[in-house]
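Coordinate analysis (summary)
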Amino acid sequence: MKIGFYPGCSLTGSSREYNESLLAVAKVAGIELCEISDWNCCGSTAAHNLNRELSVSLPARNLALAELEEMDELVVPCAACYNRLVMTQHELAEKPEIKALIEGKLKMTLRNDIRILNVLQFLEKHIVPRLDELVKSPLTYDVACYYGCLLVRPNQVMKDERFEDPMTMDLIMQKLGANAIDWPFKTECCGAGFSVSKTEIVGELSGKIVRSAVDRGAKAIVVACPMCHFNLDMRRPVIESYLQRKIDIPVIYITQAIALAMGLSAQQAGTQRHFVPVNLTVNR
Amino acid sequence: MSKIGVFICHCGENISATVDVVRVAEAAGKLEGVEFSTDYKYMCSDPGQTLIKQMIKEKGLTGVIVAACSPRMHEPTFRKACSSAGLNPYMCEMSNLREHCSWVHDKSEATTQKAIDLVRTLVGKVKYNKPLYSIKVPVTKTALVIGGGIAGIQSSLDIANAGHQVVLVEKDPSIGGHMSQLSETFPTLDCSQCILTPRMVEVAQHPNIKLLTYAELEKLEGFIGNFKATIRKKAKSIDEDLCTGCGTCITKCPTKKIPSEFNTGLGKRTAIYVPFPQAVPNKPVIDKENCLYYKNGKCKICEKVCPTGAIRFDQEDELVELEVGAVVVATGFDVMEPSKFSEYGYGKYKDVITGLQFERLASASGPTLGEIRRPSDGKIPEKIVFVACAGSRDPSKGKPYCSKICCMYTAKHAMLYQHKVHHGESTIFYMDIRSAGKNYEEFVRRAIVEDDVKYIRGRVSKVYEENGKLIVKGVDTLLNAKPVEIQADMVVLATAAVANSGAEELAQKMHISYDAYNFFSEAHPKLKPVETNTAGIFLAGACQAPKDIPETVSQASGAAAKVAILFSQDELSREPVVAVVNRSAPPLYSTCVGCFMCATACPYQAIGEELITNRKGEVIKRVAKVNPGLCQGCGTCVAFCRSKSIDIDGYSNEQMYSEVMALLND
Amino acid sequence: MNKEDLSFKVRQSTEINVNECYQCGKCTAGCPVAEHMDLRPSIIMRMLQSGDAVAEEEILRSLSIWLCVTCETCYSRCPMELDIPKIMDYLRVRSYNEGKVHRDARDIVTFHKSFLNTVESNGRLHEMGLILDYKMHSGNLFQDVMLAPEMFSKGKLSVFPERIKDLKGLSRLFKGQTKNNKS
Ligand SMILES: Cc1cc2nc3c(=O)[nH]c(=O)nc-3n(C[C@H](O)[C@H](O)[C@H](O)COP(=O)(O)OP(=O)(O)OC[C@H]3O[C@@H](n4cnc5c(N)ncnc54)[C@H](O)[C@@H]3O)c2cc1C
Ligand code: SF4
Ligand code: SF4
Ligand code: SF4
Ligand code: SF4
C-alpha cells in the first residue's frame, strides 16, 4: 500500500517542526510517507470565505495528483488542510456538475476514492498498535490534549461518537506514559485564522484555553493542528496580555510527544523552534 | 335465474344533477337477471326503504342493488331493510354513484354512461352472490393487563369493578410505575405516593384481580374474545406463600452497594430487596445478577436468617398459560438515555442529573429524605439550572416530538426547589412553555410570578465544570440572542420521554403496530384512541405517547370501558367476509393440496390445518383451514393459492370474474 | 417563497432551508465569537426567515459574517443540524462580490486576499510574502514587527517562496475567479 503525504504550506514554514517530528516518527516506525510532488496550497479559510470554486478546485488538484501517483491513503497532518480536502471529496462526490467543471479546468480526471487520514487517524492506524515496542523513554507529566475544531467537527462528517469529549489523543498520550487530564476546553475554538487579522480575539479565545489547562495542573498542551499551535504558542504575548498574567506552559505537537517518548532528541522533535520554551520534566 | 331489483337514488340533487338517473334505471331494467328497476329521490328515507321491502315481497327479488352513496354509511341500513323483508342481507349490495361518479364528474353523457356501467358491473357480481351468515365467537370474560403503572392500575380496577376478572402482569417486583417515583405532582402539588399507594393496595386486595409481578408476556395467540397468553413468571427465589415480608433477609444481606433502580442510581439497595417501602406486593425478590450465592456459590445468609424458611434458591422461571378475552397494554415509557448529552456532561459531572433523579431528591421517601442535595457532595445547591427539551424536539438526537410532560414538571421542580431552599435561585432554559391543560398555565405563572423562577428562552449549548461550579452556557433569545453564562451548583435535564426499550419486541409479540419511535399506534388518531389495529387489544397510558397522569388515567378508564363493552356480550358476531377452503365430495374432499402457501402468506396467522379422517379415524388428507375469528378478509391467501382452493366469501373468484366480464362486455 | 429573497438564494446555493430553524439559540449560545458579533448566528437565521429586504442588506453588511471562524460548533450542536458555517460562507462571498464588506472586516478580507494572491503567484503559501502583502494592503505596517524576526531565527520563516512547477496549470484554476471582485 502506498501512503501519500500532503504536508500543506504551514508545515513547510511556521510549523516546520510538526513536519519534522511526523517524518521522524514515521521513519522510526519504518513507514514511508510519499509526498505528493508539486502539491499546491489547499486555499484554506481564505478560499472558502471569498471564493467557493477555488475552495474546491485548489484541494481537488492535490487529490488528482495523489491519484496520479497511485496513492491509496493520503496523510494530511494539518487539520485545516485535512478539513478542506475531506470537504472537497464530499462535494465532488455529491455534485457531479462541479466535479465535471473542475476536472475540465484541471485537465485531469478524478476517481475521488482516496482515503484521507488526519494525523490522529494516521497515528491510530499505523503507529499506535506498535507503541508498546517503540516507546523507549515514557513521558512522566500531566498534559492537556487540545483537539480544537477541525479534528472533530463537523461531527456530521467526522462521525466521532465522542465529538464533545474526544479521547483519541488522550489515549495516545496515556500510552506514552503521560497523564492526560480531564478538562472542558478540548474542543473550544482557539481563534483559528484570525491570528493576524483579529489578534485580540485570538488572545481571548486562546487565553481561556491556556488558562484552563494551567489551572488544572497540565505541564504541556498537546495539539495536532498548526493553526492551534500558532495561536497557543506564538501568540502567547497576546494571551498573556488578555489574561493579565504570565503563563509558560509549552505547547507541543502530538508527533513531538511521540518522538520524545521514542527517545529521539529535542532537536529531532524540533521543540527548539517553539516560542514558549519546552522544558518538560517529571511532575509525578 | 336471479331476480335482481335495482334502485337508483337521486340523493337529493347530489346524483341527479349530473347523472340522468331515469336513464340509468331504464338501462338497468334491460339487463339480464334484473327483475325490477326504478329511481327515487332518497332511497335511505323511510319511504325509500319501504319501497325496497315491498318489491322484495311483490316481485320475489333474490338480490338488491342500491345505486346511491358510499356503502360506508348506508350499506348496513339497506341490508337491514332487506333482512326484515326476508332476504339474506348479503344479497344486497351498493353501487357508489355519488363519490365515484356524480361528485367527480361534470354533467354529461359520459357521466350517465359511467353510472350505467357501474350498475351493470355490480349486477354481474350480485348474480353470483350467496347467502352468508355472520360469524359468532364466544368471549372469555377475563382481561389481561400488561404493565402495572398508574395506567395498568386504573384499567385493572375499572374492569374488576365492572365485575370481570383481571390478570395484571408487571415486569418489576412491584407495581406503581413511574408515578411511585414522583415527589409531588403538578398542577396541585399533591404527594404522588399518597394518592397512588391506596390504589396499589386496592389492586392487591381486589377479589377480581390476580396480580403477577416480576412477570412478562412470553407469547400471545388467538383473537378477540379468545386470546391465549403465555406469561413468564421470573423466579423470585422466594416462596411467596411463606414469606411474611418481615425484611430480616434484607437487613442481613451483605451485598448492599447495588445502585437502586427505584432511586435512579442515587441510592443503594441489597441483592435481596423490595424496591421501595410501599411496594405491592411487599415481599422481596433476589436479584440473581448481583447475589453472592448465584454469582459464586457462597453466602445464603438470607436463607439462614429467614424466620419462615421462605428462600428458594432452586426456584425456576415458570410459564403460565391464560385464556383471556381482551388485552390492555399499559407498559408506559422511559426517560431518554442521558449519555446522549455529552455537551451537557451527563455521566461526567455527578451534579448534572435528569428530571426523574430530581424527583427522587425531592421525594420524602428518596435518598435525601426530600432535601435537595447535590449527589457529588451532599451540599444544598444555591443555584440550579433546569434545561427543558433535553432530547425532545431535537431531530439531531433522534426525537423530533414534544414530550409533553417536561414543561410542566420542570416548572414543578423549580417551584419545589424554591419552596425547599428559600434563598436558592432557579433558572429554566426553555424554547416554548407548553402548558395547555386545566390549571396548568396558572401553575406555570405561579412559578414565575410568585416563586421567582427565572425563565430564559434559549437552549443551552454546553455545560462544563470549573472550580466546583457547573458553568452553563446558554442564550437569551428574547434579548437579541445575548449569550448567558450561569455558574450553577446543579443542572437538571428534562430528558425526553421515550418508548420502553422492550416496546418493539412486545408489539411484535402481540402483532400490534408501533410508530417510528416505538410508541404503540392507536387504531385512529381521533376516533379510536384506545384501540389498536388488532381487535381486542387496547392501549392505556404513556406506552401510546408521552402523557401526564390525568391523561393517562382517562385513557386507562377509556380502555377499561372498551373491555367492559366487549365483555357485556356473550358472543361476538363478525362480518362473514372471510376466506374459506373449498370442500367437495369424497374421494377428493377438497382441491387443497396441503401446500400451506396460504398459511405462510396470511399476515394474521389465521390459517391452520384440518385433518380429514375416514371412519376408522385414519388421516386421509391434510388441508388448510381458516380460523374465521382471526381472518380479516384481506385476500392475500387467495392470490397465493396455486390450486385455487381458497376463496373469500362475498368476494369469490366467481363473483369478481362475473363483475369484470360485465364491465368488458357492454 | 419569493425567488428574490436572500433565503431562497441561500437554499439554492447551500440546500439549507432556513425555515427549519426554530430559534432555539443553541448556535449562538455555543459560538465562541458571539459576544463580538453585531448579528449573532440565530439572529441571522431569523432575519433570513423574515424575507425582509432591509434585514438582508443588514446581514450582507454585518461584521458577524466575517467574525465567524468556521469552528463548526453551531452546526455540530444545532438540533436541526443546520450548517450555519456553510450559510456564512455563502453570505461572505456575496458580501465580498457586492462590495458590502463591513468596515471592521476589511482587515480580514485583505488578509484573505493577500493569502490568495501569494497562492496564485506561487502555488503555495509564502508566509513572509503573505505578511508583506497584507501589511501593504491593510496599512498595519507595524503589526507583528516583533514576531517576524523571532520566527525567522527559529527557522519558521523563509525569505524565498517555494514555487510549484506547474504554475500554468494552476493559473487555469484562478482564471476569472478573483480579478473582477471589487471591495
Ligand atoms: C420526571 C417526571 C416527572 C413527572 N411529574 C408528573 C407530575 O407531576 N404530574 C403528572 O401528572 N405526571 C407527571 N409525570 C408523568 C407520569 O410519570 C406519567 O404520566 C405516568 O407515569 C404514566 O403512567 P403509565 O402507567 O402509562 O407508565 P409507567 O409509569 O411508565 O408504568 C408502566 C409500568 O409498566 C411496566 N412494564 C413496562 N414494560 C413491561 C412489560 N413488557 N411487561 C410488564 N410490565 C411492563 C413498568 O415496569 C411500569 O411499572 C412525570 C414524569 C416524569 C418523567
Ligand atoms: S444469598 Fe444473595 S440475597 Fe441472600 S443474603 Fe446472600 S447475597 Fe443477599
Ligand atoms: S383472507 Fe387474509 S386474513 Fe384471511 S386467511 Fe386469507 S390471508 Fe389470512
Ligand atoms: S441552533 Fe439551529 S435551530 Fe437553534 S437557533 Fe441556531 S440554527 Fe436555529
Ligand atoms: S461556525 Fe461561526 S457561527 Fe458557528 S459557532 Fe463557529 S464562529 Fe459561531
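Residues numbered from 1 in each chain as written. Chains lettered and ligands numbered in written order. Predicted model: local features only at pLDDT ≥ 70, side-chain atom pairs only at ≥ 80, totals over all residues. Heavy atoms only, no water.

Some remarks on the state of the cysteines
All names here are of chain B. Under the counting rule described, the total for this entry stands at 1 disulfide over all chains. The disulfide bridge from C191 ends at C194, spanning 2.2 Å between sulfur atoms. As the torsion about the S-S bond is roughly 85°, the C191-C194 disulfide counts as right-handed. By relative accessible area, which is 51% here, C194 ends up exposed. (Disulfide = S-S within 2.5 Å. Buried < 20%, exposed > 50% of the residue type's maximum accessible area, 1.4 Å probe, protein only.)

Quick word on the sheet that holds strand β23 (residues 454-457) of chain B
All names here are of chain B. Read from one edge to the other, the open sheet built from 5 strands follows the order β20-β27-β21-β22-β23, with strand pairing classed as parallel. Across the chains shown, the open sheet's two edge strands, defined by having one partner strand only, are β20 (352-354) and β23. Shown here is a sheet whose adjacent strand axes are inclined to one another by a mean of 25°, direction ignored. When β20 meets strand β27 (residues 490-495), the two strands line up parallel, connected through 3 bridges. What sits directly across from V352, in β27, is V491. Sheet strands in contact with helix α11 (residues 355-362) are β20, β21 (383-390) and β27, and its direction is about 90° off that of β20. (Pairing = 2+ DSSP bridges. Helix = DSSP H or I, 4+ residues; strand = E, 2+ residues; numbered from the N terminus. Axes fitted to C-alpha atoms, helices over the stretch in contact; angles between N-to-C directions. Contact = heavy atoms within 4.5 Å.)

Quick word on the domain arrangement of chain C
All names here are of chain C. In terms of domains, chain C is made up of domain 1 (6-101) and domain 2 (104-181). A separation of 28 Å is found between the C-alpha centroids of domain 1 and domain 2. Carbon and sulfur atoms supply 70% of the area that domain 1 and domain 2 bury against each other, a total of about 680 Å² over both sides. Contact with domain 2 buries surface across domain 1, with W66, Y96 and V101 losing the most and accounting together for 73% of the total. Our enumeration of links across domain 1 and domain 2 arrives at 0 salt bridges. At the junction of domain 1 with domain 2, the criterion picks out 1 residue pair in polar contact (both at pLDDT 80 or more). For the side of domain 1 that touches domain 2, the elements supplying multiple residues, two or more each, are α5 (64-67) and α7 (84-97). Of the residues in the side of domain 1 that touches domain 2, the class split is 5 nonpolar, 1 polar and no charged. (Domains from an automatic or database assignment. Buried area = accessible area lost by both parts, 1.4 Å probe. Salt bridge = Lys/Arg side-chain N within 4 Å of Asp/Glu carboxyl O. Polar contact = N/O pair within 3.5 Å; in protein donor to acceptor, adjacent residues only side chain to side chain. Nonpolar A, V, L, I, M, F, W, Y, C, P; charged D, E, K, R; others polar.)

A few points about the site of ligand 1
Residues and elements named next belong to chain B. Within the structure, ligand 1 sits among 37 residues, and E170, H178, K412, K547 and I549 are positioned closest to it. A distance of 3.0 Å is found between an oxygen atom of ligand 1 and a backbone nitrogen or oxygen belonging to A151. Alone, ligand 1 offers 1,000 Å² of accessible surface; in the complex the protein occludes 97% of this. Residue assignment for the shell around ligand 1 shows that the elements contributing at least two residues are α6 (150-161), β8 (184-185), β19 (333-335), α11, α12 (406-420) and α15 (549-567). Its residues placed into classes, the shell around ligand 1 shows 16 nonpolar, 12 polar and 9 charged. Each of domain 2 (142-234 + 317-332 + 501-567) and domain 4 (334-498) gives at least three residues to the shell around ligand 1. (Near = heavy atom within 4 Å. Areas by Shrake-Rupley, 256 points an atom, 1.4 Å probe, with all protein chains shown as cover.)

Observations concerning a nonpolar patch on the surface
A contiguous nonpolar surface patch, about 280 Å² in accessible area, is contributed by V660, L663 and L664 of chain B. Mapped onto the elements of the fold, L664 of chain B is located in helix α18 (residues 653-664). (Patch = residues over 30% accessible without salt bridge, like charges linked within 9 Å, V, L, I, M, F, W, Y side chains within 5 Å.)

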